[in-house]
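Analysis of the macromolecular model
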Amino acid sequence: SQKIEQNSEALNIQEGKTATLTCNYTNYSPAYLQWYRQDPGRGPVFLLLIRENEKEKRKERLKVTFDTTLKQSLFHITASQPADSATYLCALEGTGGFKTIFGAGTRLFVKA
Amino acid sequence: KAGVTQTPRYLIKTRGQQVTLSCSPISGHRSVSWYQQTPGQGLQFLFEYFSETQRNKGNFPGRFSGRQFSNSRSEMNVSTLELGDSALYLCASSLAGTLGNIQYFGAGTRLSVL
């Protein structure tokens with residue numbers, strides 16, 4: 001069955017460092033991959049989208065890579081700040097229907 | 001532009017009861033999706049509606065149902081509630097629900113089943 005894996009352990013980093021989050025998937029051929037941010041008590045907020053034929057996408061301090069051979073996406077936050085502390089969700093969309101599959105998310109803590 | 005509005009924000013029900021959750025999408029958005037979020041399972045897709053038609057459904061029992069009205073507002077109903085239905089229910093809207101469409105989420109309805 002389709003499966004998305006994100007690091008279930010929280011990621012703790014120091015302010016100013018680069019945070020790297022991983023999203024791995026199996027039994028799926030996504031056309032698009034998205035990253036969302038979720039703060040406690042709130043719904044997820046869209047951050048970035050990358051297509052299957054794109055290797056990398058950037059937006060300000062955020063960078064996403066997409067390797068369809070490895071079936072993996074990496075999400076980077078450079079010069080991280082305490083305000084970046086949140087849960088980050090990876091989401092896949094395929095061509096088989098109007099359905100988005102989400103990973104369970106990785107909790108990021110940035111210490112000042 | 002107003003965001004996605006979900007009501008109520010919190011609900012407490014007992015086993016066996018039924019519940020109806022409401023979602024008002026962003027104006028102009030025609031696709032509404034519903035998700036269940038629990039600490040152990042993450043976001044699980046329930047169903048998606050577009051122009052009052054259910055286009056896709058997740059792997060949930062028939063106790064979970066939904067509908068969409070002509071103004072794109074959507075409701076989700078859960079009958080014969082079970083303890084395991086306790087979760088955060090999230091609604092997301094998008095312009096057309098096509099691939100690559102960004103989903104905009106509401107704050108969710110926190111359902112507790114006692």
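The structure we're discussing is the one just above.
Below or above, wherever it landed, is the structure these notes cover. (Residues numbered from 1 in each chain as written. Chains lettered and ligands numbered in written order. Predicted model: local features only at pLDDT ≥ 70, side-chain atom pairs only at ≥ 80, totals over all residues. Heavy atoms only, no water.)

On to the sheet that holds strand E7 (residues 62-67) of chain A, then. Residue and element names in this part refer to chain A. Pairing in this open sheet of 5 strands is antiparallel, and the strands run E1-E3-E8-E7-E6 from one edge to the other. The open sheet terminates on both sides in strands that have one partner only, identified here as strand E1 (3-6) and strand E6 (56-59). Strand-to-strand, the axes of this sheet are offset by a mean angle of 15 degrees, without reference to chain direction. Inspection of the sheet shows E6 paired to E7 by 4 bridges, in the antiparallel sense. Paired with Lys59 across the bridge in E7 is Leu62. (Pairing = 2+ DSSP bridges. Helix = DSSP H or I, 4+ residues; strand = E, 2+ residues; numbered from the N terminus. Axes fitted to C-alpha atoms, helices over the stretch in contact; angles between N-to-C directions.)

Moving on to the layout of surface pockets. Volume-wise, the largest pocket comes out at about 500 Å³. Around the largest pocket sit 19 residues that line it, and Gln2, Ile101 and Phe102 of chain A together with Leu43 and Gln44 of chain B are the ones nearest its centre. For the lining of the largest pocket, the elements supplying multiple residues, two or more each, are E1 and strand E10 (100-102) of chain A together with strand E5 (42-50) of chain B. Take the lining of the largest pocket: its biggest share by element is 4 residues, from E1 of chain A. Its residues assigned to classes, the lining of the largest pocket shows 7 nonpolar, 9 polar and 3 charged. (1 Å grid on protein atoms, 1.4 Å probe; cavity = no way out; pocket = protein on both sides within 12 Å on 5 of 7 lines; lining within 4 Å. Points joined across faces, edges and corners; volume = space filled by probe spheres on them. Nonpolar A, V, L, I, M, F, W, Y, C, P; charged D, E, K, R; others polar.)

Applying the stated rule across the entire model yields 10 salt bridges over all chains. For Glu54 of chain A, the salt bridge is made with Lys57 of chain A, and the minimal N-O distance between the two is 3.7 Å. Two residues, Arg73 of chain B and Glu75 of chain B, come together in a salt bridge whose shortest N-O distance is 3.4 Å. A residue is classified by how much of its surface remains accessible, and Arg73 of chain B, at 25% relative accessible area, is partly exposed. (Salt bridge = Lys/Arg side-chain N within 4 Å of Asp/Glu carboxyl O. Buried < 20%, exposed > 50% of the residue type's maximum accessible area, 1.4 Å probe, protein only.)

Residue and element names in this part refer to chain B. The full count for this structure, using the stated rule, is 2 disulfides over all chains. There is a disulfide in this structure between Cys23 and Cys91, and the S-S distance comes to 1.7 Å. Disulfide Cys23-Cys91: torsion about the S-S bond near -50 degrees, hence left-handed. Of this pair, Cys23 sits in strand E3 (residues 19-24) while Cys91 sits in strand E9 (residues 87-94), and the two are 68 residues apart along the sequence. Taking relative accessible area as the criterion, Cys23 reaches 0% and is therefore assigned buried. What makes Cys91 buried here is its relative accessible area of 0%. (Disulfide = S-S within 2.5 Å.)

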